[in-house]
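Inside the fold
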Amino acid sequence: MIEILPIFTNSPLRNYSYLVYSNRTGEAYCIDPFDPKQILNHAQKLGVKIKGILNTHEHGDHTQGNLELKEETKAIVYGHKDAKHKIPGMDQVLKEGDIVFSVEEESLAVWDTPGHTFSHLSFVRKNPNTILGIFSGDTLFNAGVGNCFRGGDPNVLYETISSRFETLPDSCLLYPGHDYWDNNLKFAEHVDPENDFRNLFKSSLKPFQISEMGTEKNLNPFFRRNTNSVKDRLTELKETYSNDRSVFLTLRKLRDHW
Ligand SMILES: [Fe+2]
């Protein structure tokens with residue numbers, strides 16, 4: 001099977017890098033390298049060789065470790081075709097449906113997930129029956145979604161979230177590009193006050209908790225945009241909305257200025 005090691009980087013941006021690897025073949029792929037030395041240490045301890053570097057998107061905090069890690073490992077650097085000239089050391093293009101690597105029945109496949117930027121990929125770990133996990137970069141976070149300030153579009157993010165991420169099975173694990181639990185839960189309290197599930201969840205939240213999509217569907221105000229709790233609160237805040245998309249866009253706007 002495919003194994004996953006989340007690597008939290010102790011920076012103000014709270015980035016995550018991930019090692020996705022197989023104990024059977026000894027091969028590993030690094031998603032969004034932030035601190036090459038930290039990643040190499042982990043790979044060494046695991047006894048795996050990094051064959052590829054996978055960038056979810058072109059922003060510097062997701063690609064800053066590319067060149068040093070490539071130099072040390074001779075790994076191939078992959079990214080979205082439209083980010084070719086923005087991703088340091090990029091060698092190969094990945095597109096929707098590509099399989100990055102497979103171990104027995106499991107594989108790591110590529111989704112094209114625009115919104116945070118127009119050249120944003122997500123990676124899904126799957127078997128023939130289901131999707132087991134998703135590396136969502138800056139598209140979906142725990143209890144929140146990505147911003148669209150630097151090269152994105154909230155309308156496109158809405159399409160990606162509603163047509164792709166909301167179709168994921170409840171058991172699918174979420175591996176985001178940053179640990180934003182604290183801030184996102186505070187914003188959730190602000191726009192979705194009547195959520196007993198969240199209150200209960202908060203009391204058992206562990207540092208750097210990896211959550212399932214089923215949990216996220218009950219926590220994330222962007223997923224709960226059809227609830228009375230969210231809609232009544234928007235009305236209270238004197239925000240106008242007319243349909244599903246406009247609730248999402250209003251939440252995104254509020255989060256931008258929050
Ligand atoms: Fe980003």
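Because the structure is predicted, anything quoted here is derived from the model rather than measured.

**Details of the UniProt feature "domain: Metallo-beta-lactamase" (unreviewed entry) in the chain**
Here, UniProt's "domain: Metallo-beta-lactamase" (unreviewed entry) annotation points to residues 14–178. Structurally, residues 14–178 comprises 20% helix and 35% strand, and the distance from its first C-alpha atom to its last is 5 Å.

**Side note on the packing of aromatic side chains**
One pass over the structure, following the stated rule, counts 14 aromatic pairs. On the basis of an interplanar angle of 35° and a centroid distance of 5.4 Å, the ring pair of Trp181 and Phe201 is categorised as tilted. Of this pair, Trp181 sits in helix α5 (residues 181–191) while Phe201 sits in helix α6 (residues 196–204), placing them 20 residues apart in sequence. Classification of Trp181 by relative accessible area gives buried; the value is 2%. Through a chain of ring-to-ring contacts, the aromatic side chains of Phe8, Tyr16, Tyr18, Phe135, Tyr175 and Phe208 assemble into a single cluster. The ring of Trp111 is capped by Arg164, whose NZ or CZ atom sits 4.1 Å from the centre of that ring. Sitting over the face of the ring of Phe187, Arg255 holds its NZ or CZ atom 5.6 Å from the ring centroid.

Reading guide: rules and limits
Residues numbered from 1 in each chain as written. Predicted model: local features only at pLDDT ≥ 70, side-chain atom pairs only at ≥ 80, totals over all residues. Heavy atoms only, no water. UniProt positions renumbered as here; feature names shortened; annotations may be inferred. Helix = DSSP H or I, 4+ residues; strand = E, 2+ residues; numbered from the N terminus. Phe/Tyr/Trp six-rings, centres within 6.5 Å; stacked < 30°, edge-to-face > 60°. Buried < 20%, exposed > 50% of the residue type's maximum accessible area, 1.4 Å probe, protein only. Lys NZ or Arg CZ within 6 Å of the ring centre and 35° of its normal.

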